[in-house]
Structure formats: C-alpha cells, structure tokens
Amino acid sequence: MNINYNKSNKSIEIKDALKNHLFLINLLMVLNLVNAILNLSDVKASFGFIKIIWLILGTISIVILYNSIFKKTGMEKIPVDQIKGLNQRVFLGRKKYFIELKNGKTRDLLEVKSESEFAKLRTMFTKNGILE
C-alpha cells in the first residue's frame, strides 16, 4: 500500500499511476466518440442495425467520459482539507475503496485490496486528524 501522509504540507500522497489510467480511458473514449459521430454522420446510409450499435457505443462513451472527468480524480497529492471521508462500495461482488472529496469527486484506492488494509488506512487517517 503506497499511501503516505506528508506532515510538512498536510497532504496524502498516493502512488498508483491512476492518473495515467484515467488519461488513457479519457483518450480512448474520445476516440470512440469521434468514431461514433463519424459513422453516424454518413447521411447516404439508411438508419439500420450498424447505426444503432454506433449510437449505443457513442452514448456509453459519453457516460464514461462524464463519469471520469466530473466524478473521478487522479490526484497523487490530496490536501487534507479537501478530504471528506473514506468509503467503500461493492461492485460485482468485489469491494472497492475510495476517498471522497469535498468537491464531490472520488479518488479510487487501487492499492487497497482487503478489509485489513482499509482498516490500517482508516487508523492512519484518524491518527493524523483527517477523519474524526
């Protein structure tokens, strides 16, 4: 678990390359959206099965782009005053842990995989005065 508390500038430092991961997702979704728009803009072809598939793919790309741009963050240094709390959610039977920020975004914790690591992180946050 590469999550540390930096006392000098009162921030949490997370080293897990999530910023690169989010950049690649955004890039691929933009390319997919452009491709869907180009395929849907062909006025000569009738509206058929292929156009419906491209419409669905474009819509899914827009939803994923919205979620990754406006709801997620890849910050590696999070100031303590921006942290709202620690949380977890269950997705497909697997627990995912994340930090909630005051601006409404979340920061996924890819390195935290078990309940014991989450408990250690929660005690670190409580000991340093981040959580009550």
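Residues numbered from 1 in each chain as written. Predicted model: local features only at pLDDT ≥ 70, side-chain atom pairs only at ≥ 80, totals over all residues. Heavy atoms only, no water.

**Student:** Could you clarify how one ought to interpret the sheet that holds strand E6 (residues 106-108) in this entry?
**Tutor:** To summarise the sheet geometry, strands pair through backbone hydrogen bonds and adopt either a parallel or an antiparallel arrangement. Spatial ordering of the open sheet is given by E4-E5-E6, a layout of three strands whose pairing is antiparallel. If you trace the sheet from one side to the other, it starts and ends with strand E4 (83-91) and E6, each paired once. Each strand axis lies, on average, 30 degrees off the axis of its neighbour in the sheet, ignoring direction. (Pairing = 2+ DSSP bridges. Helix = DSSP H or I, 4+ residues; strand = E, 2+ residues; numbered from the N terminus. Axes fitted to C-alpha atoms, helices over the stretch in contact; angles between N-to-C directions.)

**Student:** I would appreciate a short explanation of the layout of surface pockets in the present structure.
**Tutor:** With a probe scaled to a water molecule rolled over the atoms, the places where space remains empty come into view. Volume-wise, the largest pocket comes out at about 520 Å³. Every residue lining the largest pocket is counted, 20 residues in all, and those nearest its centre are Lys72, Arg89, Lys96, Asp108 and Leu110. At the level of elements, helix H1 (18-40), helix H2 (49-71), E4 and strand E5 (94-101) are the ones that each hand at least two residues to the lining of the largest pocket. Across the lining of the largest pocket, the residue classes tally to ten nonpolar, three polar and seven charged. (1 Å grid on protein atoms, 1.4 Å probe; cavity = no way out; pocket = protein on both sides within 12 Å on 5 of 7 lines; lining within 4 Å. Points joined across faces, edges and corners; volume = space filled by probe spheres on them. Nonpolar A, V, L, I, M, F, W, Y, C, P; charged D, E, K, R; others polar.)

**Student:** Help me understand the pairing of E5 in this model?
**Tutor:** Strand residues, when the strand is regular, have side chains that alternate between the two faces of the sheet. By the bridge criterion, eight bridges tie E4 to E5 in an arrangement that is antiparallel. From the neighbouring strand, valine 90 faces E5, where its bridge partner is lysine 95. Here E4 folds back onto E5, and the loop between the two strands holds two residues, one of which, leucine 92, carries a positive phi near 55 degrees. Relative to E6, E5 runs antiparallel, the two sharing three bridges. Looking across to E6, one finds that isoleucine 99 is bridged to arginine 107. Between E5 and E6, which pair antiparallel and follow one another directly, the connecting turn spans four residues, one of which, glycine 104, has a positive phi of 95 degrees.

**Student:** Looking at this structure, I do not really get the pattern of salt bridges. What am I missing?
**Tutor:** It is possible for side chains of opposite charge to pair when their charged atoms get near one another. In the structure shown here, the tally under the stated rule is four salt bridges. Across the pair aspartate 16 and arginine 107 runs a salt bridge, and its minimum N-O distance is 2.9 Å. One end of the pair, aspartate 16, is in the loop between strand E2 (11-14) and H1; the other, arginine 107, is in strand E6, with 91 residues separating them in the sequence. Classification of arginine 107 by relative accessible area gives buried; the value is 0%. Here lysine 95 ties to glutamate 115 by a salt bridge, and the two come within 3.2 Å at their closest N and O atoms. Of the two residues, lysine 95 is situated in strand E5 and glutamate 115 in helix H3 (residues 115-127); the sequence distance between them amounts to 20 residues. By sharing partners, the salt bridges in this structure join Lys72, Arg89 and Asp108 into a single network. (Salt bridge = Lys/Arg side-chain N within 4 Å of Asp/Glu carboxyl O. Buried < 20%, exposed > 50% of the residue type's maximum accessible area, 1.4 Å probe, protein only.)

**Student:** Could you clarify how one ought to interpret the sheet that holds E2 in this entry?
**Tutor:** If you walk across this open sheet you meet the three strands as E1-E2-E3, and the pairing is antiparallel. Looking at strand neighbours, the two that pair on one side only are strand E1 (3-6) and strand E3 (77-79), the edges of this open sheet. Strand-to-strand twist in this sheet, taken as the mean axis angle between neighbours without regard to direction, amounts to 25 degrees. Inspection of the sheet shows E1 paired to E2 by four bridges, in the antiparallel sense. When the bridges of E2 are listed, asparagine 4 appears paired with glutamate 13. The sheet strands contacting H3 are E1 and E2, and the helix crosses E1 at an angle near 5 degrees. (Contact = heavy atoms within 4.5 Å.)

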